[in-house]
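Examination of the molecular architecture
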Amino acid sequence: MIGAFGKGLSNLIRKLVTGTTVDKDAVEEILQDMEKILLQSDVDVKLADDLISKIRKRTLEEKLPSGMTLREHVLKVIYEELVVLLGEKPAGLRGKKRIMAVGLFGSGKTTTVGKLGKYFLKQGLKPVFVGLDYHRPAATDQIIQIGKQIGVPVYVEEGKEFNSTARNALQKFAKYDVLIFDTSGRNALDKELADELKILGEIINPDEVLLVIPADLGKVARQQAEEFNKSVGITGVIVTKMDGTAKAGSALAATSVTGAKVKFVGVGEKLEDFEVYDPTRFVSRLLGLGDLQTLLEKAKEIEIKKESVEKIAEGKFTLQDFMEQIEAMGKMGPLSQVANMIPGMGMMKIPEGMIEKQEQKLKAFKYIIQSMTKDEREFPELINSKRIVRIAKGSGRSEAEVRELLNQYNQMRKLMKSLGGAKGLQRGALKNLSKQLGFKF
């Protein structure tokens, strides 16, 4: 989710946390590096300068808080100032609404409308999609397919006149909880298209006008957000393409200064790859400090068995438990996203591509475990050389991969036991760091 922008910042934080000494010169060097990272990520120059100035003043000019080292104080200040810059509090949306989705061509707006529909379905509300994108070929077909996929009705008209379609939809679906209008993609600087959007806004009279903007847009994000706001009054922003972009910081920072808060982020192409934007959690991931709260919420959402998690934490799990966790993790999203939520993982020096390779290995491990007998899954110590040959043939994998699975399984059991289970994870440096930043386990 954080891409090169986050990688640069997390490397910087690792340097701060692991450095031998942290004095004023070291802090100044870190701040200079931080400004370079912000500028390389297309964050507005003035915005970057203001942020660095605030951090410098709080860390080097103000009195050090009692009981805190300079290292801890600098980390806390960087975290707090980035949270302020990127929105401070989560917004999200609740209850019955009329929503108008607007944005540039190719911003992922129609897919985002589908994600919004799924979000409201989870609230127990009854949404409907209104297709008003008649400029892009097959746009109405796309919204119809998305509606069928998640069970949300879609209203489009053959006449292809969006103003009348909007009026008719308002009458026909007046009893629905949430009406989401998918408008045509447009450049906000085009006066004709801007006027067109303004008229449509007057017809719909929406409760929310959500600007869908791609994270890789760069410096143009601010100008586009301001122009859309002039035309139709933006009430919130959804940032798409957050999965692996270097420019995410620019889009978030640019929109935050327009007064239109970021409400959601799209973190992948699937309809479930959608999150309420929480600045505190996002910045935590951005700095490589993890996001345990979101990780636990995702786990709860897909109903991971509590008993299985406890067994793994205590190092008492079987291969059957291991397979269930592999399947559950697959539902939580790509392994790289899950890894970013694990506290401290972002500060580890993980070789390029290693997580992706591990994801492929986990899929292979699942096939291998499925080829085992029930007794072999429950009592892995039964698996000898003869059984390894049979399991390899049955799963279509190599004998070496079967042995690798067994080795990883045994190593993971030993590791979890050595950490002291769930209670062990809540002790030491990790707990102290989390406490300083106000995180809760």
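None of these values were measured; they are calculated from a predicted model.

**Describing the environment of Tyr 134**
The residue Tyr 134 is located in the loop between strand S2 (127–132) and helix H6 (139–150) in this model. Owing to a relative accessible area of 16%, Tyr 134 belongs among the buried residues under this scheme.

**Some details on unusual backbone geometry**
A positive phi angle is found at Asn 205, which is not glycine, with a value near 50 degrees. If you trace the backbone, Asn 205 turns up in the loop between helix H8 (191–204) and strand S5 (208–214). Accessibility expressed as a relative area gives 56% for Asn 205, which makes it exposed.

**Some points on helix H2 (residues 24–40)**
Along an α-helix, a turn takes 3.6 residues, which lines up residues three or four apart on a common side. In this model H2 runs 24 Å from its N-terminal to its C-terminal C-alpha over 17 residues, within 8% of the 24 Å that 1.5 Å per residue would give. Those residues of H2 lying buried are Ala 26, Val 27, Ile 30, Leu 31, Met 34, Glu 35, Ile 37 and Leu 38. You can read the cap of H2 off the contacts: a side-chain oxygen lies 3.3 Å from the backbone nitrogen of Asp 25, and it is on Asp 23.

**Quick word on the pattern of salt bridges**
Throughout the structure, instances matching the rule amount to 16 salt bridges. The shortest N-O distance in the salt bridge between Arg 58 and Glu 80 comes to 2.6 Å. Of this pair, Arg 58 sits in helix H3 (residues 45–61) while Glu 80 sits in helix H4 (residues 70–85), placing them 22 residues apart in sequence. Counted as one network, the salt bridges with shared partners bring together Arg 58, Lys 76, Glu 80 and Glu 81.

**Topic: the nonpolar core**
In this structure, Met 34, Leu 82, Phe 181 and Ile 234 are the most contacted members of the largest nonpolar core, which totals 69 residues. No other element matches the nine residues that H4 contributes to this core. With residues near it in sequence (within four places) discarded, Met 34 still touches Leu 9, Leu 12, Leu 51, Ile 52, Ile 55, Ile 78 and Leu 82. If you look at the next biggest cluster of nonpolar residues, it comprises 21 residues, including Leu 116, Ile 150, Val 152 and Ile 180.

**Topic: the packing of aromatic side chains**
Tallied over the full model, the rule gives five aromatic pairs. Between Tyr 119 and Phe 120, the aromatic rings sit 5.3 Å apart at their centres with planes inclined by 75 degrees, giving edge-to-face as the arrangement. Tyr 119 sits in the buried class, given a relative accessible area of 15%. Ring plane angle 80 degrees and centroid distance 5.2 Å describe the contact between Phe 173 and Tyr 176, whose orientation is recorded as edge-to-face. Phe 173 gets classed as buried once you look at its relative accessible area, which sits at 8%. The class of Tyr 176 is partly exposed, set by a relative accessible area of 22%. Within the aromatic cluster, the residues linked to one another by ring pairs are Tyr 119, Phe 120, Phe 264 and Phe 274. The ring of Tyr 176 has Lys 126 sitting right over it, with the charged end atom 4.4 Å from the ring centre.

**A short note on the sheet that holds strand S7 (residues 262–266)**
With mixed pairing, eight strands are arranged side by side in an open sheet as S3-S2-S4-S1-S5-S6-S7-S8. Every other strand in the sheet has two partners, leaving strand S3 (154–155) and strand S8 (274–276) as the edge strands with one partner each. Lying over the sheet, H6 contacts S2, S3 and strand S4 (178–183), oriented at roughly 170 degrees with respect to S2. Where helix H7 (residues 162–172) meets the sheet, its contacts fall on strand S1 (97–103), S2, S3 and S4, and the angle it forms with S2 comes to roughly 165 degrees.

**Comments concerning the environment of Leu 12**
Structurally, the position occupied by Leu 12 is in helix H1 (residues 3–18). The sequence separation of Leu 12 and Leu 287 amounts to 275 residues, and the corresponding C-alpha distance is 8.2 Å. Apart from the residues within four sequence positions on either side, Leu 12 is in contact with Ile 30, Asp 33, Met 34 and Ile 37.

**Regarding the pairing of S4**
The buried count for S4 comes to six of six residues, which makes it a mostly enclosed element. Burial along S4 is two-sided: Val 178, Ile 180 and Asp 182 and Leu 179, Phe 181 and Thr 183, pointing in opposite directions, are all buried. As paired elements, S1 and S4 share five bridges and run parallel to each other. Paired with Met 100 across the two strands is Phe 181, which belongs to S4.

Conventions and cut-offs
- Residues numbered from 1 in each chain as written.
- Predicted model: local features only at pLDDT ≥ 70, side-chain atom pairs only at ≥ 80, totals over all residues.
- Heavy atoms only, no water.
- Helix = DSSP H or I, 4+ residues; strand = E, 2+ residues; numbered from the N terminus.
- Buried < 20%, exposed > 50% of the residue type's maximum accessible area, 1.4 Å probe, protein only.
- Expected span 1.5 Å × (residues − 1).
- Polar contact = N/O pair within 3.5 Å; in protein donor to acceptor, adjacent residues only side chain to side chain.
- Salt bridge = Lys/Arg side-chain N within 4 Å of Asp/Glu carboxyl O.
- Core = buried A, V, L, I, M, F, W, Y, C linked by side-chain atoms within 4.5 Å.
- Contact = heavy atoms within 4.5 Å.
- Phe/Tyr/Trp six-rings, centres within 6.5 Å; stacked < 30°, edge-to-face > 60°.
- Lys NZ or Arg CZ within 6 Å of the ring centre and 35° of its normal.
- Pairing = 2+ DSSP bridges.
- Axes fitted to C-alpha atoms, helices over the stretch in contact; angles between N-to-C directions.

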